[in-house]
Amino acid sequence: MGDPIQLKDEGNKFFQAGDIDKAIECYTNAIKESKDKKVLAVIYRNRSACYLKKENYSGAVNDATKAIDVDAADIKALYRRCQALEKLGKLDMAFKDVQRCATIEPKNKTFLETLRRLGAEIQAKLKTSFSTDSRVQNMFDILLDAEMETDKKEKAANNLIVLSREDAGAERIFQNNGVSLLLNMIETGKPEMILAAVRTLSGMCTGHKARSMAVVHMVGVEKLCSIMAVDNEEIALATCNLFQCVYDSLTGADKREYGKEEALVLDTSKLLKTILMSLLEMVASSKVSGHGRDQALNLLSKNVPRTNKKDPDHSRSLFTIDHGLKKILKVCGQIPDLPNQLPLTDNTQLIASVLLNKLYDDLKCDPERQNYKDICDDYIKAKIDPNDMDKTIHAINVISGLLQGPFDVGNALVGRQGIMEMMVALCGSDREVDQMVAVEALIHASSKMSRAGFIITNGVSLLKDIYKKTKNERIKIRALVGLCKLGSAGGDDYALRQFAEGSTEKLAKQCRKWLCNPQIDTKTRKWAIEGLAYLTNDADVKDDFVEDELALKAMFELAKSKDKTILYSVAATLVNCTNSYEKKEILPELVQLAKFSKQHVPEQHPKDKKDFIMKRVKRLLKAGVISALAVMVKADSAILTDQTKEMMARVFLALSEDPKDRGTIVAQGGGKALIPLALEGTDAGKVKASHSIAKIASISNPEIAFPGERVYEVVRPLVSLLSTDKEGVQNFEALRGLTNLAGFSEKLRVKIVKEKALPEIENYMFEENEKIRQAATECMCNLVTCKEVQDRYLEDGNDKLKLLVLLCGEDDDSLQIAAAGALAMLTAAQKKLCKKMTVVTAQWLEILQRLCLHPNPYIQHRGIVTVYNMLNADDIELSKKLIESELLEILTVIGKAADNPKRQEPINAARECLIKAMDLGLIKPFTTAS
């Protein structure tokens, strides 16, 4: 309990100090305690101002309205409501409020200017609205005209897509019975018309809950699924995008502001459940094309598991496991070489494995995981039949899928009695399809050393035998990959080679031969990269591989192909070639201790030293690795897992190590490709990608490195590196990158401030490390032209200005240039800081004199400009203090010096100071006797 007046006054103090959250808390408590209507109106009006600051415009409107209800002439509340309504896009209502304000105070310039501006905006909006109406109607007329030429109809259909991306256009299409017209376009069966219709529906559903529900009910979930099921990759992808737009709108995941009336609160749970069930039905339906199945799996992968593990609700995953896990397992078990299989693409089974992994990872407790394992176990048991080999190899293929997804589940199934033996036995089968499935299963099963040991004992001779005897190239290469994987079971440890000296190099040579053979189909050639992904743990192999430019280019071409199952293998191979994997630091003391106790000590290969790594990096860049990575990043598929993204980020970081190579990275689109890697993926991957961006941003023209609006997306990754848990080199390079961006445009400076980078930058200005302190000060120097930054220096109760003045007195020239530059710009922009500067530290005058006497002309110029700003601060007492000090003598000596191109700037600035002092009447002009 508290006094409402006292709480209101406390809220006012917090508001003036800039602590808006505390102010809101005080006003809210005051509202609870107050019974006086007039007092309540004032408090609501004040809280409305807070909500405006916090960009909570709906809250600002509500509170201002409550104040106006008490006093219809409350001019402050009216204007605040006007500002909030404008931000919400309700221009007509905002105009009425400011019109009332202008009636009450007809001479108020702010009200008159707002009235004029809103009037112009409303006229422009009406003009656009009328224009949109006519454009929509024109497109409808063309599409409904049965005699209209086909190319004109197609053009009109594509124009509808553009119109639907604006809220006014989407609403007009919807109101004009556009959904029926779009359904007619779909019924034509023409791919161009279907695509246009689906994309227009996507525009109509984007960010609008009510319209999304209406569209889905009018079209029908079943109809949408049937469109996605067609054997056309573009149509399947467009329909997948439509489903995603609907899902985002219904769940509120689309948080963009569209400047429209808020949608009605509708119960979307039933519709979302219907969509989920329909997608699960598509997964195992034989009527669905491979492309449609891929997109159904992608939608499930993106929308079912929680994106944030702190969210307690994982009911969608539990529902999917209960109603769809067996359907997903069925997809994993398909063998295209057998009859009556589901239509698949090259990517389908790996997408299914990724989904299986995400579902398992989303479970919260052991009983849920056990239920998942039991469903998988029951499915495998039901399929294994000694009398039906097709069913048996289906079961083995399912295990392969699980080993690529939730490895623990697959590993547990492999450990069941007889499964591993069955795999080995199938390798000796007379049917080639049995051999192929079994070899693949053995490859995936040998991911752990214990399994590898079992297979080395039982399966190596069998794999060698298959490799030598089979004439089927697809089996031959798989057997080779199995041998590659077993040969690399020791990782990059030089002492843990599984095979005899030179064996891995022979295997790698054969893999490169397969890779470079264009006569072999892509699906088979990709296994060659799979083999290299294992073998390049060996430094001899990776060194030979990067020397083979044809093999590198062949791998990069495959990386750009439609078969996205190759992404992980390419990324793993590149990580090995650049040695960018996680390295455990080995302390010399522990090595000695291990040797003494006769424990194994990992050995580094001579070719894994820095010089060799740098040579490999140069060869990869020359062969076009950046363009391949840029294409891989764009893969719109669940196959581009967080782990793959992390590996790609590691490769980018290794490639950007040498500043000379960063121009090549930018020229081939590497800067743009890094942004999604820095925003999504594992924590380690995001840090690595952000660090790469920092390296590029610190020395590149932002407009070229990150073209268009992309440059604004770079700020957040850089700011994420400004924390104490990051390495010093990451802090330093992020500060350098932000310095470069801050010097580029005011819009970028505002973006840096909005991302809450200022407190972190200020902290690093205190840093003991000289380089980091200098980088932070240089960054601040480029930011001080921003009004919000100047306001922070104007605030009382902090040492920001004091620190800047003291940094001007440091001995490091580069640091002084940055600090003195910031001080000169701040005192030019804010006259109040000239006076404040004299209060924050007693050393101000001494530091200023040292700057003006500095031998470095850049530092001297900044110091003299600061003196001029202080003379120009409309504070005669401050000006007198400056002129009465030794500064007058210093300025006189500098100003009277002969013109000198090397020191002209400080000389001119000193002369300006002396002229200003004369204008103020503090000194008299020098005259000679007549």
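Look up a bit, the structure's there.
Residues numbered from 1 in each chain as written. Predicted model: local features only at pLDDT ≥ 70, side-chain atom pairs only at ≥ 80, totals over all residues. Heavy atoms only, no water.

### Topic: the environment of P676
- Mapped onto the secondary structure, P676 falls in helix α37 (residues 670-679).
- On the basis of relative accessibility, which here comes to 29%, the residue P676 falls in the partly exposed class.
- A C-alpha to C-alpha distance of 23 Å links P676 and N576, two positions 100 residues apart in sequence.
- If we ignore the near neighbours within four places in the chain, the residues touching P676 are V633 and R710. (Helix = DSSP H or I, 4+ residues; strand = E, 2+ residues; numbered from the N terminus. Buried < 20%, exposed > 50% of the residue type's maximum accessible area, 1.4 Å probe, protein only. Contact = heavy atoms within 4.5 Å.)

### Examining the packing of helix α3 (residues 37-53) against helix α5 (residues 75-87)
- Across the interface, α3 lies against α5 with an axial gap of 10 Å and an inter-helix angle of 25°. As judged from the angle between their axes, α3 and α5 are roughly parallel. The hand of the α3/α5 crossing is left-handed. Residues R45, N46, S48, A49 and L52 of α3 lie in contact with α5, whose contacting residues are K76, A77, R80, Q83 and A84.
- Broken down by class, the residue content of the contact of α3 with α5 amounts to four nonpolar, three polar and three charged. (Axes fitted to C-alpha atoms, helices over the stretch in contact; angles between N-to-C directions. Parallel < 35°, antiparallel > 145°, perpendicular 65-115°, else oblique. Left-handed = near helix turned anticlockwise from the far one by under 90°. Nonpolar A, V, L, I, M, F, W, Y, C, P; charged D, E, K, R; others polar.)

### Focus on unusual backbone geometry
- Of note in this structure, N579 is not a glycine but carries a positive phi near 55°.
- Among the structural elements, N579 can be located in the loop between α31 (567-578) and α32 (588-596).
- Although it is not a glycine, K756 adopts a positive phi angle of roughly 60°.
- Within the fold, K756 resides in the loop between α43 (746-754) and α44 (758-764).

### Observations concerning helix α50 (residues 844-852)
- Residues of α50 that are buried include every one of W844, I847, L848, Q849, L851 and C852, and no others.
- In this structure, the buried residues of α50 make contact with α47 (800-807), α48 (813-829), α49 (832-840), α51 (857-871), α52 (876-884) and α53 (887-896).

### A short note on the nonpolar core
- Formed by 260 residues in total, the largest nonpolar core has its most connected members in Y372, L515 and Y793.
- Not counting residues within four places of it along the chain, the set of residues in contact with L515 comprises R525, A528, I529, L532, F545, A551, A554, M555 and L558.
- Grouped together as the second largest cluster of nonpolar side chains are 36 residues, C50, L78, A84 and L85 included. (Core = buried A, V, L, I, M, F, W, Y, C linked by side-chain atoms within 4.5 Å.)

### Focus on the pattern of salt bridges
- One pass over the structure, following the stated rule, counts 49 salt bridges.
- The partner of K526 in a salt bridge is D563, with the nearest N and O atoms 3.7 Å apart. Of this pair, K526 sits in helix α28 (residues 522-535) while D563 sits in the loop between α30 (549-559) and α31; the two residues are 37 residues apart in sequence, bridging distant segments of the chain. There is no split in this pair, since K526 and D563 are both buried. (Salt bridge = Lys/Arg side-chain N within 4 Å of Asp/Glu carboxyl O.)

### Considerations on the packing of α50 against α53
- Across the interface, α50 lies against α53 with an axial gap of 10 Å and an inter-helix angle of 10°. With respect to α53, the axis of α50 lies roughly parallel. Of the residues in α53, those in contact with L845, L848, Q849 and C852 of α50 are L887, I890 and I894.
- Here the contact of α50 with α53 is built from residues that sort into six nonpolar, one polar and no charged.

### Observations regarding the side chain of T345
- Inspection of the secondary structure assignment puts T345 in the loop between α17 (315-332) and α18 (348-361).
- Of note is the side chain of T345, whose polar atom sits 3.1 Å from the backbone nitrogen of N347.
- Once you skip the residues sitting within four places of it in the chain, T345 turns out to touch G290, H291 and D294. (Polar contact = N/O pair within 3.5 Å; in protein donor to acceptor, adjacent residues only side chain to side chain.)

### Section: the packing of aromatic side chains
- If you walk through the whole model with that rule in mind, you get two aromatic pairs.
- Measuring from ring centre to ring centre gives 5.2 Å for Y79 and F111, while their planes differ by 50°; the resulting arrangement is tilted. Of this pair, Y79 sits in helix α5 while F111 sits in helix α7 (residues 109-144), placing them 32 residues apart in sequence.
- According to the relative accessible area criterion, Y79 is buried, its value standing at 16%.
- Overall, F111 belongs to the buried group, its relative accessible area being 7%.
- When the ring centre of F612 is taken as origin, the NZ or CZ atom of K615, which lies over that ring, is 5.7 Å away. (Phe/Tyr/Trp six-rings, centres within 6.5 Å; stacked < 30°, edge-to-face > 60°. Lys NZ or Arg CZ within 6 Å of the ring centre and 35° of its normal.)

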